[in-house]
Amino acid sequence: DLPMDEFILPRTLGKGRSFVYMLPCRDQDLLKVGFSREPLVRLRTLHPRFFDYFDLERGLLLEVERVAQARAIERDILLRHAPERSPAPLAVPDQAAGYTEWLRGVEPQVTARLRDVAEREACPLHGLHDWVRQMFDAQSDRLYGLSLKLLEAIEYETFNVPEELSTGQSARSLAYILDACEAVGVDMAARF
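Residues numbered from 1 in each chain as written. Predicted model: local features only at pLDDT ≥ 70, side-chain atom pairs only at ≥ 80, totals over all residues. Heavy atoms only, no water.

Moving on, we get to empty space enclosed by the protein. A complete count under the given rule lists 1 cavity of 30 Å³ or more for this structure. Considered as a void within the structure, the largest cavity measures approximately 40 Å³ in volume. Together, Tyr-21, Leu-23, Pro-39, Arg-42, Leu-43, Leu-46, Leu-61 and Leu-128 line the largest cavity. Among the secondary structure elements, those contributing two or more residues to the lining of the largest cavity are β1 (18-24) and α2 (39-46). For the lining of the largest cavity, the element with the highest residue contribution is α2, accounting for 4 residues. Residue composition of the lining of the largest cavity, by class: 7 nonpolar, no polar and 1 charged. (1 Å grid on protein atoms, 1.4 Å probe; cavity = no way out; pocket = protein on both sides within 12 Å on 5 of 7 lines; lining within 4 Å. Points joined across faces, edges and corners; volume = space filled by probe spheres on them. Helix = DSSP H or I, 4+ residues; strand = E, 2+ residues; numbered from the N terminus. Nonpolar A, V, L, I, M, F, W, Y, C, P; charged D, E, K, R; others polar.)

Dropping the structure here:
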């Protein structure tokens, strides 16, 4: 796993605030509907470069008070659109994909449903891009610390590890973090 996992919060128990998510794939008319207590963790399990794979600008997060409420909203959407179910894309690991939560051709309807529930139940509906950017901003100290560790590892490897034995993992991890920040508009110069 990439060190970014240290930056994204760990999973927690199934009580309390939860999010129903709609994650449209960037290059096809396919989306994932589900719920999670920790959407950043969920995004990362679905695709290591979630910020490239999913269209964060079109993605939505409906914030609710209880996991049971999120589960009911997810179930309602999936039952309404059962005929539009689609297999999970090959780019998503089988253990993370789910078998009934991928839908094709219903983004406008799911968007409308989430907006309706948000209005009716007075729940916050977040644009995924802005929400991810806010989470990165809120964890900027941890992000900076992780970046420093990676830079130290890159420097050590550069001067102490023979080129044929170097894995380059630290450099790839740092590039991943910088790419994720850039994708959501986090000002990297202010943090590094």
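Having seen it, we continue.
For the structure shown, the criterion picks out 5 aromatic pairs. With 5.5 Å between their ring centres and 80 degrees between their planes, Phe-50 and Phe-51 make a pair best called edge-to-face. Grouping residues by exposure puts Phe-50 and Phe-51 together as buried. Through pairs of rings, three or more aromatic residues link up here, namely Phe-50, Phe-51 and Tyr-176. (Phe/Tyr/Trp six-rings, centres within 6.5 Å; stacked < 30°, edge-to-face > 60°. Buried < 20%, exposed > 50% of the residue type's maximum accessible area, 1.4 Å probe, protein only.)

What follows is about the packing of α2 against helix α7 (residues 128-138). For the pair α2 and α7, interaxial distance at closest approach is 11 Å and the crossing angle is 110 degrees. With respect to α7, the axis of α2 lies roughly perpendicular. Considering only the axes of α2 and α7, their crossing is left-handed. Each of Pro-39, Leu-40 and Leu-43 in α2 lies in contact with α7, whose residues at this interface are Leu-128, Trp-131, Val-132, Met-135 and Phe-136. (Axes fitted to C-alpha atoms, helices over the stretch in contact; angles between N-to-C directions. Parallel < 35°, antiparallel > 145°, perpendicular 65-115°, else oblique. Left-handed = near helix turned anticlockwise from the far one by under 90°. Contact = heavy atoms within 4.5 Å.)

Nothing here speaks to function; it is geometry throughout.
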